[in-house]
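Residue-level structural notes
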Amino acid sequence: VEEQDDRVVFNLLQLCASTNRGQSATLDQRYEIENAISDLEFSNPTPNAAMSEALNGEWRLVYASESMTRSSPFFWGFRKAFDGMSQPLPLLPGDLSEALFAITDGLPFQRVGTVVQTITGAGTNGTGTLESSVEVTLRVFDALIPPQNGFVTTTSKFEADG
């Protein structure tokens with residue numbers, strides 16, 4: 001089973017890399033990736049894996065089913081806060097948060113670099129933290145303005161449930 005899981009992980013990482021971390025994946029590739037993820041989750045021998053200390057550490061994003069910048073807990077909270085609110089412009093998605101995301105996702109001359117999440121405190125009965133850091137480069141006119149590099153970093157706290 002372990003050798004089979006290693007092969008599934010290797011194939012999954014290869015597919016994620018070939019689809020620009022999922023950003024250029026076709027529907028068939030998304031289906032294949034999500035099935036491989038489900039297979040790995042099912043074969044995981046760790047009981048209650050979502051609460052395991054094995055989650056602690058730094059994790060590099062290799063696949064996202066939507067814009068890589070959405071890996072931040074900020075965007076999850078933003079969606080929850082504006083859930084059900086609509087916006088009036090007919091050219092954008094009806095949901096307010098999705099309309100704002102469509103605008104920011106449409107910014108030209110941007111490149112998303114490394115996306116990392118750092119988890120601490122998992123597997124304890126206390127509070128943990130999740131820090132998400134997304135590297136972004138903006139390029140406008142390289143001859144006049146050098147590329148601008150920066151990180152969008154958010155931190156959230158979580159508590160063990162049960």
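Residues numbered from 1 in each chain as written. Predicted model: local features only at pLDDT ≥ 70, side-chain atom pairs only at ≥ 80, totals over all residues. Heavy atoms only, no water.

**A closer look at unusual backbone geometry**
Generally, phi is negative for residues other than glycine and the peptide bonds are trans, each holding for most cases. Put simply, the rule is: Put simply, DSSP H or I for four residues or longer makes a helix, DSSP E for two residues or longer makes a strand, and each gets a number counted from the N terminus.
In this model, Asn20 sits at a positive phi of 55 degrees, which is unusual for a non-glycine residue. Examined against the element boundaries, Asn20 turns out to sit in the loop between helix H1 (2–18) and helix H2 (27–43). You will see that Arg21, though not glycine, has its phi angle at about 60 degrees, which is positive. Looking at the secondary structure, you find Arg21 in the loop between H1 and H2.

**Comments concerning the packing of helix H3 (residues 73–81) against helix H4 (residues 96–105)**
Note the threshold: Fitting a line to C-alpha atoms yields each axis, with helices limited to the stretch in contact; the angle taken between N-to-C directions then spans 0 to 180 degrees. Roughly parallel covers angles under 35 degrees, roughly antiparallel covers those over 145, roughly perpendicular covers 65 to 115, and oblique covers all other angles. Any two residues whose heavy atoms approach within 4.5 Å are treated as being in contact. We call Asp, Glu, Lys and Arg charged. Ala, Val, Leu, Ile, Met, Phe, Trp, Tyr, Cys and Pro are nonpolar, and the rest, Gly among them, are polar.
Relative to each other, H3 and H4 sit at 140 degrees, their axes nearing to 8 Å. In terms of their interaxial angle, H3 and H4 are classed as oblique. Residues Phe75, Phe78 and Arg79 of H3 touch H4, and the partners they reach there are Ser97, Glu98, Leu100 and Phe101. A per-class count over the contact of H3 with H4 returns four nonpolar, one polar and two charged.

**Comments concerning H3**
Each full turn of the α-helix corresponds to 3.6 residues, which orients residues three or four apart in the same direction. So the rule is basically this: With a 1.4 Å probe rolled over the protein chains alone, any residue whose accessible area is under 20% of its type maximum counts as buried; one over 50% counts as exposed, and the rest are partly exposed.
Buried residues of H3: Pro73, Phe75 and Phe78, and no others. Buried residues belonging to H3 abut H4, strand E3 (127–138) and strand E4 (148–159).

**Some words on the sheet that holds strand E1 (residues 57–60)**
Filter applied, for reference: What makes two strands pair is DSSP finding at least two bridges between them.
Pairing within the open sheet is antiparallel, and its four strands lie in the order E1-E2-E3-E4. The sheet is open, and its two edges are formed by E1 and E4, each paired on a single side. The sheet shows a mean angle of 20 degrees between the axes of neighbouring strands, direction not considered. Here E1 pairs with strand E2 (residues 110–120) via four bridges, running antiparallel. Along E2, the bridge assignment pairs Arg60 with Val116.

**Considering the environment of Ala36**
Looking at where Ala36 falls in the secondary structure, it is placed in helix H2. When the C-alpha positions of Ala36 and Leu107 are compared, they lie 32 Å apart, and in sequence the two are 71 residues distant. With near-sequence residues (within four places) excluded, Ala36 lies in contact with Val8 and Leu12.

**Regarding the pairing of E3**
As defined by bridge partners, E2 adjoins E3 across nine bridges and the pair is classed as antiparallel. Its bridge partner being in E3, Val112 is matched across the sheet by Val136. Taking the residues that link successive antiparallel strands as the turn, the E2-E3 hairpin has six residues, and the phi of Gly121 there is positive, at about 90 degrees. Strand direction decides the pairing type here: E3 and E4, joined by twelve bridges, are antiparallel. In the sheet register, Thr129 faces E4, and the bridge partner there is Lys157.

**Details of the environment of Lys157**
Tracing the chain through its elements places Lys157 in strand E4. In this structure Lys157 comes out as exposed when scored by relative accessible area, which is 67%. When the C-alpha positions of Lys157 and Ala54 are compared, they lie 18 Å apart, and in sequence the two are 103 residues distant. Every residue in contact with Lys157, bar those within four places of it in the chain, is listed here: Thr127, Gly128 and Thr129.

**As for the side chain of Ser52**
As a reminder of what qualifies: For the purposes of these results, a polar contact is taken to be a pair of N or O atoms within 3.5 Å, where, inside protein, one atom must be able to donate a hydrogen and its partner to accept one; residues adjacent in sequence count only when each atom of the pair is a side-chain atom.
Position of Ser52 relative to the elements: it lies in the loop between H2 and E1. A distance of 3.0 Å separates a polar side-chain atom of Ser52 from the backbone nitrogen of Ala54. In this view, Ser52 contacts Thr46, Ala122 and Gly123; residues no more than four positions away in its chain are not counted.

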